[in-house]
Amino acid sequence: FFTRSSLSEAMVTAQSIVDGYILPELAAVLVFLVPCLPIMKLSGKPALKNPRVVVPLVVTMLFCPWFFLVNWEQSQAVVSQNVLTAIVMVATVLAHAEDAVQTSWWILLLAAQVVNCVGMLGGAVWPFSSFGSGSVIAQLARGCSSGAWCNDGWYAFLMIVAFVEIFLVIVVLFQTFKTAANLNSVRLLESIPQEVA
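A quick note: this is a predicted structure, and the numbers were derived from the prediction, not measured. (Residues numbered from 1 in each chain as written. Predicted model: local features only at pLDDT ≥ 70, side-chain atom pairs only at ≥ 80, totals over all residues. Heavy atoms only, no water.)

(A) The nonpolar core, seen in detail. Ranked by size, the top nonpolar core spans 34 residues in total, and within it Phe67, Val136 and Leu140 carry the most contacts. Listing elements by their share of this core, those giving two or more residues are α1 (4–33), α3 (51–63), α4 (76–97), α5 (103–120), α6 (136–142) and α7 (152–191). For this core, the element with the most residues is α7, which contributes 10 residues. Once residues lying within four places of it in the same chain are set aside, the contact partners of Phe67 are Val78, Val79, Asn82, Val136, Leu140, Leu158, Val161, Ala162 and Glu165. By size, the runner-up hydrophobic cluster in this structure holds five residues, among which are Leu42, Val53, Val93 and Ala97. (Core = buried A, V, L, I, M, F, W, Y, C linked by side-chain atoms within 4.5 Å. Buried < 20%, exposed > 50% of the residue type's maximum accessible area, 1.4 Å probe, protein only. Helix = DSSP H or I, 4+ residues; strand = E, 2+ residues; numbered from the N terminus. Contact = heavy atoms within 4.5 Å.)

Pasting the structure below:
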């Protein structure tokens, strides 16, 4: 009934369907759902009205999932960069939501956001530099030759989304820089000895 060659062809076809369609769609859904945990933690708190919390949530939930719906074999840099973006944005949401975050954590978060921005704009940042060169937009402009998700219209849509995502990531970077600078200023003022009247 089944020969060895027809069975192996069916297995290759099934594997290519999983690799090409099911894994990217599952990854996109998971990236969309990841910020739900901080949202549940923050429900009912005024932090959800803070633009410093809302903008990273928008980036993670509305922009990052699209970039998992690409041909993973030919667009590894795009996928890897958006994994980093999602992680940094969720960390930013959690940091802005907590009132008692130490200044050193803000500096680390700021460094992670700089690495993320440089990577999105085309800089070679470890560990993502080995996957490709150029910005996310340049990676998308190359498109893909064949396989799942290889459609010029789809990649053009992703390039437009990438422009907006990069702009919002830069906005989040400056928001975090402002918060870190304000915390350092307050800490510096608290360390100055008060004169006794």
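(B) Examining the side chain of Thr85 more closely. Along the chain, the position of Thr85 falls in helix α4. Setting aside anything within four residues of it in sequence, one finds Thr85 in contact with Val59, Cys64, Asn116, Met120, Glu165 and Val169.

(C) Representation of α3. Compared with the 18 Å implied by 1.5 Å per residue over 13 residues, the 17 Å span of α3 between its first and last C-alpha is a close match. Every buried residue of α3 is listed here: Val53, Val55, Pro56, Leu57, Val59, Thr60, Met61 and Phe63. (Expected span 1.5 Å × (residues − 1).)

(D) Geometry of the side chain of Gln113. Within the secondary structure layout, Gln113 lies in helix α5. Overall, Gln113 belongs to the buried group, its relative accessible area being 2%. Only 2.6 Å separates the side chain of Gln113 from the side chain of Thr92, close enough to count as a polar contact. A polar contact of 2.9 Å, which involves the side chain of Gln113, links it to the side chain of Thr176. Excluding its chain neighbours within four sequence positions, the residues that come into contact with Gln113 are Val88, Thr92, Val172, Leu173 and Thr176. (Polar contact = N/O pair within 3.5 Å; in protein donor to acceptor, adjacent residues only side chain to side chain.)

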